[in-house]
Amino acid sequence: MVTGLFDLDGRVAVVIGAAAGGLGERAARALTAHGATVALADLPGAGVGLAETAAACGGTTTAYAVDVTSEVSVRELAEQVLARHGRVDAVVNAAGVMLRKEVAETTVEEFERIVRVNLTGTWVVGREFGPRMAEAGWGRVINLTTVYAERVGPVPESAYYASKAGVVNVTRSLAAELGRSGVTVNALAPAVFYPTAMTAPLAESPDRLSWFAERTMLGRLGDPDTDFGGPVVFLASPASSYVTGQVLYVDGGWSAW
Ligand SMILES: NC(=O)c1ccc[n+]([C@@H]2O[C@H](COP(=O)([O-])OP(=O)(O)OC[C@H]3O[C@@H](n4cnc5c(N)ncnc54)[C@H](O)[C@@H]3O)[C@@H](O)[C@H]2O)c1
C-alpha cells in the first residue's frame with residue numbers, strides 16, 4: 001500500500017517560473033526525475049531559459065509562454081497543456097518578483113506590480129487550474145510563499161512581504177473550496193536557498209549568506225535539488241493526499257526558533 005507514493009509516472013505537472021536558474025527549474029528537475037511529464041512555463045521571451053531547464057530535466061517536457069499578471073494568458077496556458085497532454089495533475093507556481101525599497105520611496109504602482117505578480121498571479125493560477133483539476137477529481141496546487149510571510153526580514157521589502165502573506169490565505173481559501181473535489185492546495189515557504197536571480201543581492205556579501213545559514217537549526221543553506229526538490233515531489237504526489245491548506249516551511253528550522 002505504501003509503495004509508489006512518490007511515483008509521478010503518467011502524471012502531468014505544470015511549473016510556472018521555470019526558466020533556468022530559479023527554484024522553478026529545480027522543481028521541474030525533481031518532478032521529471034520522479035516520472036512526471038512537465039510543462040515548463042515562464043514569461044514570453046524566456047525561451048532560452050526554458051530550453052536550458054528542459055535540457056537539465058532530461059525527462060519529458062514541453063514549453064509555454066505565460067504571464068501570470070494576465071488571466072487570459074494563464075487560461076490559455078491551462079488550455080494548451082490540457083490540449084497537448086490531455087490532463088493536468090499538478091501546478092507549481094514559482095513565478096515571483098521582489099522589490100527592495102523602503103516604504104517611503106515605494107510608489108503605489110510599484111507596490112501593486114509586486115502584488116499583481118505574487119498574489120493576484122497566485123490566485124489566478126489557482127482559479128484557472130484548480131477547477132480544471134477538480135473536474136478530473138484529483139489535483140495538486142503548489143504555491144510559493146516565504147519564511148517572511150508571517151514575519152518580516154532585515155531588508156526593506158514591504159510589497160514582497162505583504163504579497164507573500166496574502167499567498168498563505170489564498171492557499172487556505174482555495175484548499176477549502178477545492179478539497180472535496182480531490183484537489184489539494186499547499187504552499188512551500190523556503191528560506192534563502194541559493195543565489196537565484198531573486199536572492200543574488202542578498203548573496204553578494206558572504207557575511208550575509210553565512211548569517212542566513214547560521215539562523216537555521218541545521219546550520220546551513222538549503223540544497224535546491226534535494227532540500228527543495230523533495231518537498232515539491234511530496235506535495236505533487238499521492239504521498240501528500242491528506243495534506244491541504246498548509247504551509248510547509250522548507251527552511252532548515254529557521255522559523256521554528
Ligand atoms: N530563492 C529563494 O531562496 C526563495 C526564498 C523564499 C521564497 N522564494 C520564492 O520562490 C519563487 C521563485 O523564486 P526564485 O528565487 O526562483 O526567483 P527567480 O527570480 O530566480 O525566478 C522567478 C521566475 O518567475 C518568472 N516570472 C516573473 N514574473 C512573472 C510573470 N509575470 N509571469 C510568469 N513568470 C514570471 C521569472 O521570469 C523567473 O523565471 C518566488 O515566488 C520567490 O518569492 C524563493
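About the criteria used
- Residues numbered from 1 in each chain as written.
- Predicted model: local features only at pLDDT ≥ 70, side-chain atom pairs only at ≥ 80, totals over all residues.
- Helix = DSSP H or I, 4+ residues; strand = E, 2+ residues; numbered from the N terminus.
- Rg over C-alpha atoms; globule rule 2.2 N^0.38 Å.
- Buried ≥ 20, exposed ≤ 12 C-beta atoms within 10 Å, placed from the backbone.
- Contact = placed C-beta atoms within 7 Å.
- Right-handed = clockwise from strand over helix to strand, strands pointing away.
- Pairing = 2+ DSSP bridges.
- Axes fitted to C-alpha atoms, helices over the stretch in contact; angles between N-to-C directions.
- Parallel < 35°, antiparallel > 145°, perpendicular 65-115°, else oblique.
- Left-handed = near helix turned anticlockwise from the far one by under 90°.
- Near = placed C-beta within 6 Å.
- Nonpolar A, V, L, I, M, F, W, Y, C, P; charged D, E, K, R; others polar.
- Expected span 1.5 Å × (residues − 1).
- Bend = angle between axes of the 7 residues up to and from the residue.
- Core = buried A, V, L, I, M, F, W, Y, C linked by C-beta atoms within 7 Å.

Novice: How should I be thinking about the overall build of the protein chain in this particular structure?
Specialist: What the protein chain contains, in helices and strands, is eight helices and seven strands. Scaling as 2.2 N^0.38, a compact globule of 257 residues should have a C-alpha radius of gyration of about 18 Å, and the protein chain matches this with 17 Å. Looking at the protein chain residue by residue over its 257 residues, the buried ones come to 47%. Residue pairs in contact within the protein chain that sit at least 24 positions apart in sequence constitute 74% of those at least 6 positions apart.

Novice: Where do I start with the pairing of strand S1 (residues 12–16) in this structure?
Specialist: Regular strands show a simple pattern: their side chains alternate between the two faces of the sheet. With five of its five residues buried, S1 lies for the most part within the structure. Residue alternation in S1 divides its side chains into two sets, Val12, Val14 and Ile16 and Ala13 and Val15, and both sets are buried. With helix H1 (residues 23–33) bridging S1 and the parallel strand S2 (residues 37–42), this β-α-β connection has right-handed handedness. Bridge count between S1 and strand S4 (residues 90–93): four bridges; the pairing is parallel. Residue pairing in the sheet places valine 14 in a bridge with valine 91 of S4.

Novice: For this particular structure, what's the right way to read the sheet that holds strand S3 (residues 61–65)?
Specialist: Whenever strands of a sheet pair, they do so through backbone hydrogen bonds, lying parallel or antiparallel. If you walk across this open sheet you meet the seven strands as S3-S2-S1-S4-S5-S6-S7, and the pairing is parallel. Pairing within the sheet leaves two strands with one partner each, and these edge strands are S3 and strand S7 (247–250). Taking the axes of each pair of neighbouring strands and ignoring which way they run, one obtains an average angle of 20 degrees across the sheet. In this sheet, S7 lies alongside strand S6 (residues 183–190) in parallel orientation, the contact comprising four bridges. Bridge pairing in S7 links alanine 187 to valine 247. Of the strands in this sheet, S1, S4, strand S5 (139–144) and S6 are in contact with helix H4 (residues 108–136), which crosses S5 at around 165 degrees. Its contacts with the sheet put helix H5 (residues 158–178) on S5, S6 and S7, and the angle it makes with S6 is roughly 165 degrees.

Novice: Would you mind showing me how to read the environment of alanine 162 here?
Specialist: On the secondary structure map, alanine 162 appears in helix H5. Sequence separation between alanine 162 and leucine 119 is 43 residues, and the spatial gap between their C-alpha atoms is 8.8 Å.

Novice: How should I be thinking about the packing of H4 against H5 in this particular structure?
Specialist: When two helices pack together, their arrangement is given by the angle between the helix axes and the distance between those axes. Where H4 contacts H5, the axes come no closer than 9 Å and their chain directions differ by 15 degrees. Taken together, H4 and H5 sit at an angle that is classed as roughly parallel. In terms of crossing hand, the pair formed by H4 and H5 is right-handed. For the pair H4 and H5, the contacting residues are Glu110, Phe111, Ile114, Val115, Asn118, Leu119, Thr122, Trp123, Gly126, Gly130 and Ala134 in the first and Ala159, Tyr160, Ala162, Ser163, Lys164, Gly166, Val167, Val170, Leu174 and Leu178 in the second.

Novice: Would you explain the pairing of S3 in this entry?
Specialist: In terms of strand pairing, S2 meets S3 through five bridges, oriented parallel. In the strand pairing of S3, aspartate 42 is matched with alanine 65. On the question of chirality, the crossover connecting S2 to the parallel S3 by way of helix H2 (residues 47–57) is right-handed.

Novice: Sorry if this is basic, but what is going on with the site of the ligand here?
Specialist: Close contacts around the ligand come from 28 residues, with Gly17, Gly22, Ala95, Gly96 and Thr196 the closest. Looking at the shell around the ligand, its residues break down into 17 nonpolar, nine polar and two charged.

Novice: Which parts of the structure should I look at to understand H4?
Specialist: At 3.6 residues per turn, the α-helix brings residues three or four places apart onto the same side. When the terminal C-alpha atoms of H4 are compared, their 40 Å separation across 29 residues agrees well with the 42 Å that a helix rising 1.5 Å per residue should span. Of all the bends in H4, the greatest measures close to 40 degrees and is centred on arginine 116. Glycine 137, located one to two residues past H4, shows a positive phi value of around 85 degrees.

Novice: I'm lost on the environment of leucine 119 in this one. Help?
Specialist: Mapped onto the secondary structure, leucine 119 falls in helix H4. As for leucine 119 and glycine 229, which are separated by 110 residues in sequence, their C-alpha atoms are 23 Å apart. With near-sequence residues (within four places) excluded, leucine 119 lies in contact with Ser163, Gly166, Val167 and Val170.

Novice: Can you help me understand the nonpolar core in this one?
Specialist: If you look at soluble globular proteins, the nonpolar side chains tend to sit buried side by side. The biggest cluster of nonpolar side chains holds 75 residues, and the ones touching the most others in it are Val15, Ile16, Leu31 and Val232. With eight residues, H5 is the largest single contributor of residues to this core.

Novice: Teacher, can you tell me more about the packing of H1 against H2 here?
Specialist: Where H1 contacts H2, the axes come no closer than 9 Å and their chain directions differ by 30 degrees. As for how H1 packs across H2, the hand of that crossing is right-handed. Residues Glu25, Ala28, Arg29 and Thr32 of H1 pack against Thr53, Ala56 and Cys57 of H2. Across the contact of H1 with H2, the residue classes break down as three nonpolar, two polar and two charged.

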